[in-house]
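# Descriptive structure summary
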Amino acid sequence: MATTISKLKKKLDSLFSQYIRLRNADHLGRVKCFTCGADKHWKEQQAGHFQSRSHHSTRWDEVNVQVQCVKCNMFRQGEQYKFGMYLDQTFGEGTAEELEQRAKTIVKLNRVDYEEAIERYKQKIKDLN
């Protein structure tokens, strides 16, 4: 029996989150929160979304998603204002607005899209190690 779309989505979320947290980690596995700078091991940090995960058009966007500590991501609702300012500083003026616009785009992924993305992020994680 084929894996359900919801299980594929969960798998992709997990691999994508791992990649986001690992990509900026140092040789000790430490990485800083994008919005407050809290320096922790990548396993203690989260993948914070500027535009909500509910928007599939930006859910797995590597600019939209940055490392955040639990405090910023959960207890401070993602620090969206700071997040947007830092996106523009880091990736260029207008980045936050562009992501906001793209988030409104409806994207429908199929099984193959999920499977390909899963393989892509497995490889990206492997390349980091």
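Up top is the structure.
Everything in this summary refers to the structure shown in the same document.

Procedures and definitions
Residues numbered from 1 in each chain as written. Predicted model: local features only at pLDDT ≥ 70, side-chain atom pairs only at ≥ 80, totals over all residues. Heavy atoms only, no water. Patch = residues over 30% accessible without salt bridge, like charges linked within 9 Å, V, L, I, M, F, W, Y side chains within 5 Å. Areas by Shrake-Rupley, 256 points an atom, 1.4 Å probe, with all protein chains shown as cover. Salt bridge = Lys/Arg side-chain N within 4 Å of Asp/Glu carboxyl O. Helix = DSSP H or I, 4+ residues; strand = E, 2+ residues; numbered from the N terminus. Buried < 20%, exposed > 50% of the residue type's maximum accessible area, 1.4 Å probe, protein only. Polar contact = N/O pair within 3.5 Å; in protein donor to acceptor, adjacent residues only side chain to side chain. Contact = heavy atoms within 4.5 Å. Axes fitted to C-alpha atoms, helices over the stretch in contact; angles between N-to-C directions. Nonpolar A, V, L, I, M, F, W, Y, C, P; charged D, E, K, R; others polar. Core = buried A, V, L, I, M, F, W, Y, C linked by side-chain atoms within 4.5 Å.

### A short note on a nonpolar patch on the surface
Together, V70, M74 and F75 give the surface a local cluster of nonpolar side chains, amounting to about 320 Å² of exposed area. Mapped onto the secondary structure, M74 falls in helix α3 (residues 70–75).

### Here we look at unusual backbone geometry
The phi torsion at Q77 lies on the positive side, around 50°, for a residue other than glycine. Along the chain, Q77 falls in the loop between α3 and α4 (80–91). Even without being glycine, E79 reaches a positive phi, approximately 50°. Here E79 shows up in the loop between α3 and α4. A relative accessible area of 18% places E79 in the buried class.

### Points about the side chain of R59
Position of R59 among the secondary structure elements: in helix α2 (residues 56–59). Within polar-contact distance, the side chain of R59 engages the side chain of D13 at 2.6 Å. Engagement of the side chain of R59 in a polar contact is seen with the backbone oxygen of R53, the distance being 3.3 Å.

### Some words on the pattern of salt bridges
All told, the structure shown has ten salt bridges when counted by the stated rule. The shortest N-O distance in the salt bridge between D39 and K32 comes to 3.2 Å. For D39, a relative accessible area of 35% translates into the label partly exposed. Owing to a relative accessible area of 52%, K32 belongs among the exposed residues under this scheme. Residues participating in the shared-partner salt-bridge network are D13, R53 and R59.

### Quick notes on the environment of R53
Structurally, R53 can be placed in the loop between β3 (46–49) and α2. Sequence separation of R53 and L128 is 75 residues, and the distance between their C-alpha atoms is 24 Å. For R53, the contacting residues outside a window of four places in its chain are D13 and R59. In this structure the side chain of R53 is engaged in a polar contact, spanning 3.5 Å, whose partner is the side chain of D13.

### Examining the packing of α4 against helix α5 (residues 95–103)
The interhelical angle for the contact between α4 and α5, taken along N-to-C directions, is 115°, at an axis separation of 7 Å. Facing α4, whose interface residues are G84, L87, D88 and F91, α5 presents T95, A96 and L99. Taken together, the residues that form the contact of α4 with α5 break down as four nonpolar, two polar and one charged.

### A closer look at the nonpolar core
Judged by nonpolar contacts, the single largest core of 18 residues is most densely connected at L12, F16, I20 and Y121. Those elements that provide at least two residues to this core are α1 (5–23), β4 (65–68) and α6 (111–128). Ranked by residues supplied to this core, first place goes to α1 with seven residues. When residues no more than four places from it in sequence are discounted, the contact partners of F16 are R59, W60, D61, E62, V65 and Y121.

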